Amino acid sequence: MTAAGRMAALAAVLAMGTVLPAAAQQQPAAQPLPSTVAGASETLPAAVVGIIDYQKILRDSKAAGSIRDQVEVRRKAYQEEISKQEQALREQDQALVKQRTVLSPEAFGTKRREFEQEVAEVQKNVQERRRQLDEVTAVALNDVREAIIEVVSQLAEEKGFNLVVPSSTVLVFSPRIDITQDVLQLLDQLLPDVKVADALPAEPAQQQPQQ
């Protein structure tokens, strides 16, 4: 594969990237509700279970939708930039092929190495853009997760549930214990949108120990 061909393949990776990282769509870890048990010797209360469709909340909530919209706009802008760079590299490659008959082997080899370095640099930039976009998206979705936990905890206390589980883990349940719509309504009020950062804050440099 030519250098320009490798560049085109890498650009396609960015174009086919998912709007949200797969890891960011995982369900949050279980959170304990405030305990009503005074001591270990007392009998535990019977489970009063509520159900939520976590994936539906991530799909339909205003906050998650705002994140998807911002990520898609940014991904398209990156792809347009990469497409322009890809076209420029393709033209350089074609021009270099034409020069092969008029350049000495040493001069041609030098130009080819310079071109390969430029392609490698663009590839590195594409991968870095993708990594940064995944990171800031995951951070934004974590804000949504925390808000979901807050809303679910509030509803559980109001409705008397001492256990709330995702519907994906349950085979059969009554619609009467499904609080998904209630969660969505409160979540949209609490967190109607989330700003996706341009980049994560730089970590402070570690101080060197004094001699």
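Quick look at the structure, then. (Residues numbered from 1 in each chain as written. Predicted model: local features only at pLDDT ≥ 70, side-chain atom pairs only at ≥ 80, totals over all residues. Heavy atoms only, no water.)

Bringing the overall build of the protein into the picture now. What the protein contains, in helices and strands, is five helices and two strands. Reading the helices (α) and strands (β) of the protein from amino to carboxyl end gives α-β-α-α-α-β-α. The buried share of the protein, taken over its 211 residues, is 31%. Expressed as a percentage of contacts within the protein between residues at least 6 apart in sequence, the contacts between residues at least 24 apart total 89%. Of the roughly 13800 Å² of accessible surface on the protein, 54% is carried by carbon and sulfur atoms. (Helix = DSSP H or I, 4+ residues; strand = E, 2+ residues; numbered from the N terminus. Buried < 20%, exposed > 50% of the residue type's maximum accessible area, 1.4 Å probe, protein only. Contact = heavy atoms within 4.5 Å. Areas by Shrake-Rupley, 256 points an atom, 1.4 Å probe, with all protein chains shown as cover.)

Within the largest apolar cluster, 28 residues are counted, with the highest numbers of intra-cluster contacts made by I67, V144, V183 and L187. For this core, the secondary structure elements donating two or more residues are helix 2 (54–60), helix 3 (62–99), helix 4 (105–159) and helix 5 (180–190). Among the elements that line this core, the one with the most residues is helix 4, at 11 residues. Excluding residues within four positions of it along the chain, V144 makes contact with L58, A63, A64, I67, L187, L191 and V194. (Core = buried A, V, L, I, M, F, W, Y, C linked by side-chain atoms within 4.5 Å.)

Secondary-structure assignment places D188 in helix 5. Nearest to the buried, unbridged D188 among oppositely charged side chains is K62, at 5.0 Å. Sequence-distant contacts of D188, that is, excluding residues within four places in its chain, are made with S61 and K62. (Lys, Arg positive; Asp, Glu negative; His and termini not counted. Salt bridge = Lys/Arg side-chain N within 4 Å of Asp/Glu carboxyl O.)

Take the environment of V194 next. Here V194 is to be found in the segment after helix 5. A relative accessible area of 5% means that V194 is categorised as buried. C-alpha of V194 to C-alpha of V144: the two residues are 50 residues apart in sequence and 7.9 Å apart in space. Sequence-distant contacts of V194, that is, excluding residues within four places in its chain, are made with A63, S66, I67, Q70, A140, D143 and V144.

Next up on the list: the pattern of salt bridges. Applying the stated criterion across every chain yields a total of 11 salt bridges. Its salt-bridge partner being R75, residue E72 comes within 3.0 Å of it at the nearest N-O pair. Within this pair, E72 and its partner R75 are both found in helix 3, separated by three residues, close to a single helical turn. Residue R75 is classed as buried on the basis of its relative accessible area, which comes to 13%. Between D182 and K159 there is a salt bridge, and its shortest N-O distance comes to 3.5 Å. Here D182, found in helix 5, pairs with K159, found in helix 4; they are 23 residues apart in sequence, far enough to count as distant. Accessibility expressed as a relative area gives 29% for D182, which makes it partly exposed. Judged by relative accessible area, which is 42%, K159 ranks as partly exposed. Look at the salt bridges and you will find they share partners, linking K56, R59 and D60 into a network.

Moving on, we come to the packing of helix 4 against helix 5. At their nearest, the axes of helix 4 and helix 5 sit 9 Å apart, and the two run at 125° to each other. Taken together, the axis directions place helix 4 and helix 5 in an arrangement best described as oblique. At the point where helix 4 passes helix 5, the crossing takes the right-handed sense. From helix 4, V144, A147, I148, E150, V151, V152, Q154, L155 and K159 reach across to helix 5, where they touch D182, V183, L186, L187 and L190. Considering only residue class, the contact of helix 4 with helix 5 consists of 10 nonpolar, one polar and three charged. (Axes fitted to C-alpha atoms, helices over the stretch in contact; angles between N-to-C directions. Parallel < 35°, antiparallel > 145°, perpendicular 65-115°, else oblique. Left-handed = near helix turned anticlockwise from the far one by under 90°. Nonpolar A, V, L, I, M, F, W, Y, C, P; charged D, E, K, R; others polar.)

Okay, helix 5 next. For an α-helix the count is 3.6 residues per turn, leaving residues at separations of three or four pointing the same way. Of the positions making up helix 5, those classed as buried are T180, V183, L184, L187 and D188. Looking down the long axis of helix 5, one finds its buried residues gathered within 125° of arc, a one-sided arrangement. Those residues of helix 5 that are buried lie in contact with strand 1 (49–52), helix 2, helix 3 and helix 4. (Arc of directions from axis to C-beta.)

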